[in-house]
Amino acid sequence: MSRTALAIPEADRTPAVLTHLSPLAGFLLPTLGNVLGPLVAWLALRDRSPALDQQGKEALNFQLSMWVYGVVIGVLAFILFSLGLIGGALGAAAGAQDLGAFAFLGTFAAFFVFFVPLLLLLSLIPFIFMIVAVVRVSSGQPYHYPLSIRFVR
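What counts, and where the lines are drawn
- Residues numbered from 1 in each chain as written.
- Predicted model: local features only at pLDDT ≥ 70, side-chain atom pairs only at ≥ 80, totals over all residues.
- Heavy atoms only, no water.
- UniProt positions renumbered as here; feature names shortened; annotations may be inferred.
- Salt bridge = Lys/Arg side-chain N within 4 Å of Asp/Glu carboxyl O.
- Helix = DSSP H or I, 4+ residues; strand = E, 2+ residues; numbered from the N terminus.
- Buried < 20%, exposed > 50% of the residue type's maximum accessible area, 1.4 Å probe, protein only.
- Phe/Tyr/Trp six-rings, centres within 6.5 Å; stacked < 30°, edge-to-face > 60°.

- As recorded in an unreviewed UniProt entry, the protein chain goes by the name DUF4870 domain-containing protein, listed as coming from Deinococcus radiopugnans ATCC 19172.
- Of the protein chain, the UniProt comment under Subcellular location (unreviewed entry) reads exactly: "Membrane".

**A short note on the pattern of salt bridges**
Step number 1: The full count for this structure, using the stated rule, is three salt bridges.
Step number 2: Note that arginine 13 is salt-bridged to glutamate 10, the shortest N-O span being 3.0 Å. Within this pair, arginine 13 and its partner glutamate 10 are both found in helix H1 (residues 10-21), separated by three residues, close to a single helical turn.
Step number 3: Judged by its relative accessible area of 22%, arginine 13 is partly exposed.

**Some thoughts on the packing of aromatic side chains**
Step number 1: Following the criterion strictly, the structure yields three aromatic pairs and no others.
Step number 2: Judged by centre distance (4.4 Å) and plane angle (10°), the ring pair of phenylalanine 62 and tyrosine 145 falls under stacked. Note that phenylalanine 62 is positioned in helix H3 (residues 50-93) and tyrosine 145 in the segment after helix H4 (97-138), a separation of 83 residues in sequence.
Step number 3: With relative accessibility at 0%, the residue phenylalanine 62 sits in the buried group.
Step number 4: Arranged with centres 5.0 Å apart and planes meeting at 85°, the rings of tyrosine 143 and tyrosine 145 form a pair that is edge-to-face.
Step number 5: Here the aromatic cluster, defined as three or more aromatic residues joined through ring pairs, consists of Phe62, Phe129, Tyr143 and Tyr145.

Structural data, given as structure tokens:
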């Protein structure tokens, strides 16, 4: 199935820009606002024009994708962090004090060196792509978000 890029008419540019800015609702409703904003904007504007429908789907799919990526990384971080703590506790209980301390410190190091920067990057990427989308849409060009899973077609 090919996706055609519809030029955004002048009258639809402001609503399209607002659709792409709607994830900022995440500042009002943390965790779900960045998904609810595009969902409400798309549902309200999708019948006005095909370009608004397409851009609303783009914004919603991207925010849903970022939410899923965040949940997967968060669960993975929790599991690995917990396994490290359990390993450190078991090592300390088995009498290997140095090994238990090493596993405990390694867990914290992995968390702060790998997962915290990854989660910060995951929160910065949507903001950057949102600004790029706003600039492109305001000039009348449709925008397709990268890294987006097609939940809504």
